[in-house]
Amino acid sequence: MWWILIFIEWLVDWARGTYWYLFGRRSGLCKGTISPPGPLVVDQKKKDRLLRKEFGEFEVPKNLDVIVIGSGIGGLTAAVILGKLGKKVLVLEQDKQAGGLCKTLTEKGFEFDCGFHYVGQLHENGFLKVALDLISDGQVHFAEQGSHVDTVVIGTGTQRKEYTIYNGKKQMEELFKIMKICSKKIHLLCMLKMFPLWFARFIVWSGIADLISPIFRYSRTSTTDVVKSLTSNLDLLTVFSQIFYGVPPKNSSCMIDALFLHHSKRGVYYPKGGASEIPYHIIQVLEKHGGKVLVNAPVSSVLVDKKRNAYGVTVKSGGQDFEVRAPVIISNAGMFTTIKKLLPPEIQANPKVQDYLHTLKPGKGFFQVFAGFNATTEDLGISSTNMRLYKSNNMDEMMEEYFDSDKEAAPDNIPMMYVSFPSAKDPTSCTRFPGQSRMVIHTMVNPKWFEQWNNVNETERNEEYERYKMRFANHLFEWACVHFPKLKEKVAMLHAVTPINMHGLEAAYGSMLSAEHSLDRYQPLNIAMTRCSTPVKNLYLSGQDVFSGGYSGALHGGLLCASAVMDQCLYVDLLLQQKKLKRKVVKKLE
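Residues numbered from 1 in each chain as written. Predicted model: local features only at pLDDT ≥ 70, side-chain atom pairs only at ≥ 80, totals over all residues. Heavy atoms only, no water.

**As for the overall build of the protein**
And step 1. Along its length, the protein carries 25 helices and 20 strands.
And step 2. Relative to a compact globule of 590 residues, whose C-alpha radius of gyration would be 25 Å, the protein shows 23 Å and is just as compact.
And step 3. The C-alpha extent of the protein, read off along each of the three principal axes, is 65 × 65 × 60 Å.
And step 4. For the protein, the exposed surface amounts to about 25400 Å²; the carbon and sulfur share of it is 51%.
And step 5. Looking at charge distribution, the protein has the averaged site of its 71 positive side-chain charges lying 7 Å from that of its 58 negative ones. (Helix = DSSP H or I, 4+ residues; strand = E, 2+ residues; numbered from the N terminus. Rg over C-alpha atoms; globule rule 2.2 N^0.38 Å. Areas by Shrake-Rupley, 256 points an atom, 1.4 Å probe, with all protein chains shown as cover. Lys, Arg positive; Asp, Glu negative; His and termini not counted. Charge placed at Lys NZ, Arg CZ, Asp CG, Glu CD.)

See below:
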């Protein structure tokens, strides 16, 4: 038996050495210094000149190295990193505003973030903080939120129970151990995507991965199984589960739920001035390095030659088709949109492309309600705390029943919703929008309930569609009013967004998070196989599908994509930069 352990130890050392040899050389990505934070830009016209720069034939730079499809955080992260490494990059955005889910929308004088709530792990010299400062030149101003991050409400009426989630390290001792392991060892999952696939298969199938770290076991174990091994308390299972990714606890990866809960352990933050501050400052860095972001530039196809090499894209603009060429194409439009809509039919039918596609499944559709109030935060009795509301603690059963219900019954049987108040998180809101408050509600829906309006132009959708979506919106709003009674008398507007008009994202099945966050997706071998490089040479994927959903997952997806394009692990540069910054702090304390 002893010789097996020696062999395993040697193999691990060999893998580490090979990893460093292949990927450990410095790229120069972190050369230079981060600028001191500048003043907050409140002039919307100035911001729009960057966020709403229109596509035009003469706006396209010459001699491009990289074209990025989509200006979400995954696309912008890959673009700006490649720009800093000397590549000339053009980002094409189909919508009228850049930023993906970090952009804002304005309805009847009220400004809302499309999909951003908060971000964690931005403490001094944390990895995410180092990465964000790198791509934004440290110019995004964040406001740290209160310690009371979430309130979880389970049940209704007299059966209602509330649980509070604070940042810090004092809760749920055994679960916290799992969260800490998953957070500390997440880089091992990134390594799976960078090792040769044969080697990744070997360490997974042989069981060596499990000996290296328990994170591989947690990734393939459901949240229900892990929590039930610790307690029979279904309330705890509901609190621990991130159900708003559309997957019941029995089919969700414990690792992903642990990571999302751990995300707030060192505090949570919100960008001063709203979520659009993030793309605004990233785009400035990209332009400084010769890149550009153009909106109203819908890519209709990826150009592929007979040897299955991508060499450009077709953009539809003003009723004309424009070819834009570059040796590298990155799609941040999601795996399903990229493969099923942008590639030629003969390429889609290729067995290797089909195998690549089948590593993921489409996620559930999202439904949002944006509510504006003519009242202050104090008037309404609201705060920066988010609320997760569930009608039962048996979410495995209730979610199955809900998604299987028929179209007419669905609006009356919504089992869950997520409520946040962005105006209470942003300290600049009271001066930018005096006397106003804003609320955003999220829930999940089955896209089939809305499929009859899928291919109908927005201006041609009939009253039936409006009535149907407002049934959802009104039920959700009434539920929120149970917890915040003052909302009802001060509401000035309600705006509902369904899977078929999800902020111009053109996301498959209306899923803001694209691929489903299921247990199958996070099996270690599937993690290894879902890579940025695709079966089409010179075509890469970035964003949430590469890693995981949310802002942090998309940023990691962009970093992995840039690493794949450069054939070099850029995580090494960031990790060494992080260590360097930590040493500086220690020296100051000495």
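**A closer look at unusual backbone geometry**
And step 1. The backbone of Asn 125 sits at a positive phi, close to 65 degrees, despite the residue not being glycine.
And step 2. Structurally, Asn 125 can be placed in the loop between strand 5 (119-120) and helix 4 (127-136).
And step 3. According to the relative accessible area criterion, Asn 125 is buried, its value standing at 12%.
And step 4. The phi dihedral of Asn 538 falls on the positive side, at around 75 degrees, and the residue is not glycine.
And step 5. Within the secondary structure, Asn 538 is located in the loop between helix 23 (524-529) and strand 20 (539-541). (Buried < 20%, exposed > 50% of the residue type's maximum accessible area, 1.4 Å probe, protein only.)

**So, a positive patch on the surface**
And step 1. Taken together, the side chains of Arg 266, Lys 579, Lys 580, Lys 582, Arg 583, Lys 584, Lys 587 and Lys 588 define a basic patch exposed on the protein surface.
And step 2. Residue classification places Arg 266 among the partly exposed residues on the basis of a relative accessible area of 41%. (Patch = residues over 30% accessible without salt bridge, like charges linked within 9 Å, V, L, I, M, F, W, Y side chains within 5 Å. Salt bridge = Lys/Arg side-chain N within 4 Å of Asp/Glu carboxyl O.)

**Focus: the sheet that holds strand 6 (residues 142-144)**
And step 1. Taken in spatial order, the three strands of this open sheet run 5-9-6, and their pairing is antiparallel. The outermost strands of the open sheet, each flanked by one partner alone, are strand 5 and strand 6.
And step 2. Note: strand 6 against strand 9 (residues 268-271), three bridges, orientation antiparallel. Pairing of Glu 144 across the sheet is with Tyr 269, part of strand 9. (Pairing = 2+ DSSP bridges.)

**Details of the packing of aromatic side chains**
To describe a pair of aromatic rings, one takes the distance between the centres and the angle between the planes.
And step 1. Following the criterion strictly, the structure yields 18 aromatic pairs and no others.
And step 2. Taking NZ or CZ as reference, Lys 47 lies 5.8 Å from the ring centre of Tyr 280, over its face. (Phe/Tyr/Trp six-rings, centres within 6.5 Å; stacked < 30°, edge-to-face > 60°. Lys NZ or Arg CZ within 6 Å of the ring centre and 35° of its normal.)

**Observations concerning the pairing of strand 11 (residues 299-304)**
Successive side chains on a regular strand alternate, one facing one side of the sheet and the next facing the other.
And step 1. Two elements, strand 11 and strand 12 (residues 310-317), share five bridges in a ladder whose sense is antiparallel. Its bridge partner lying in strand 12, Val 304 is registered against Ala 310.
And step 2. Taking the residues that link successive antiparallel strands as the turn, the strand 11-strand 12 hairpin has five residues, and the phi of Arg 308 there is positive, at about 65 degrees.

**Notes on the confidence of the model for the protein**
And step 1. In this model, the protein carries an average pLDDT of 84, and 90% of its residues clear a pLDDT of 70 or more.
And step 2. Scored below 50 in pLDDT, residues 1-7 shows zero contacts in the model against residues more than four places distant or in partner chains. (pLDDT = per-residue confidence, 0-100. Contact = heavy atoms within 4.5 Å.)

**Considering the packing of helix 2 (residues 44-51) against helix 13 (residues 277-288)**
When two helices pack together, their arrangement is given by the angle between the helix axes and by the axis-to-axis distance.
And step 1. One way to put it is that helix 2 packs onto helix 13 with a least axis distance of 9 Å and a crossing angle of 55 degrees. In terms of orientation, helix 2 and helix 13 fall into the oblique class. Handedness of the helix 2/helix 13 crossing: left-handed. Contacts from Lys 46, Lys 47, Leu 50 and Leu 51 of helix 2 reach helix 13 at Glu 277, Pro 279, Tyr 280, Ile 283, Gln 284 and Glu 287.
And step 2. Here the contact of helix 2 with helix 13 is composed, by residue class, of five nonpolar, one polar and four charged. (Axes fitted to C-alpha atoms, helices over the stretch in contact; angles between N-to-C directions. Parallel < 35°, antiparallel > 145°, perpendicular 65-115°, else oblique. Left-handed = near helix turned anticlockwise from the far one by under 90°. Nonpolar A, V, L, I, M, F, W, Y, C, P; charged D, E, K, R; others polar.)

**Concerning the pattern of salt bridges**
And step 1. A full pass over the atoms with the stated rule returns 21 salt bridges.
And step 2. The residue Glu 464 makes a salt bridge to Lys 407 at a minimum N-O spacing of 4.0 Å. You can see Glu 464 sitting in helix 21 (residues 463-483) and its partner Lys 407 sitting in the loop between helix 18 (395-404) and strand 17 (416-420), a full 57 residues away along the chain.
And step 3. One network of salt bridges, with partners in common, ties together Glu 111, Asp 426 and Arg 432.

**Quick look at the nonpolar core**
As a rule of thumb, nonpolar side chains are buried together in soluble globular proteins.
And step 1. Ranked by internal contacts, the top residues of the largest apolar core, which has 96 residues, are Ile 81, Leu 92, Ile 278, Val 313, Ile 330 and Tyr 551.
And step 2. The element best represented in this core is helix 24 (residues 550-566), accounting for eight residues.
And step 3. Excluding anything up to four places from it in sequence, Leu 92 contacts Phe 55, Ile 67, Val 68, Ile 69, Gly 70, Leu 294, Ala 297, Val 299, Val 313 and Val 315.
And step 4. In this structure, Val 227, Phe 366, Trp 453 and Leu 476 belong to the second largest nonpolar core, which totals 77 residues. (Core = buried A, V, L, I, M, F, W, Y, C linked by side-chain atoms within 4.5 Å.)

**Here we look at the side chain of Ser 252**
And step 1. Here Ser 252 shows up in the loop between helix 11 (234-240) and helix 12 (254-262).
And step 2. Among the polar contacts listed, one links the side chain of Ser 252 to the backbone oxygen of Pro 249, at a separation of 3.2 Å.
And step 3. Once residues lying within four places of it in the same chain are set aside, the contact partners of Ser 252 are Thr 221, Ser 222, Thr 223, Val 247, Asp 257, His 517 and Leu 519. (Polar contact = N/O pair within 3.5 Å; in protein donor to acceptor, adjacent residues only side chain to side chain.)

**What about the sheet that holds strand 19 (residues 491-497)?**
Adjacent strands of a sheet pair through backbone hydrogen bonds, lying either parallel or antiparallel.
And step 1. Judged by pairing direction, the sheet is mixed, and its seven strands sit side by side in the order 8-7-16-17-18-15-19 without closing on themselves. The open sheet is flanked by strand 8 (161-166) and strand 19, the only strands paired with a single partner. Neighbouring strand axes in the sheet, compared pairwise and without regard to direction, differ in orientation by 15 degrees on average.
And step 2. Pairing between strand 16 (residues 386-390) and strand 17: four bridges, direction antiparallel. If you follow Tyr 390 over to strand 17, its bridge partner there is Met 416.
And step 3. Across the face of the sheet, helix 18 comes into contact with strand 16, strand 17 and strand 18 (437-445) while running at roughly 85 degrees to strand 18.

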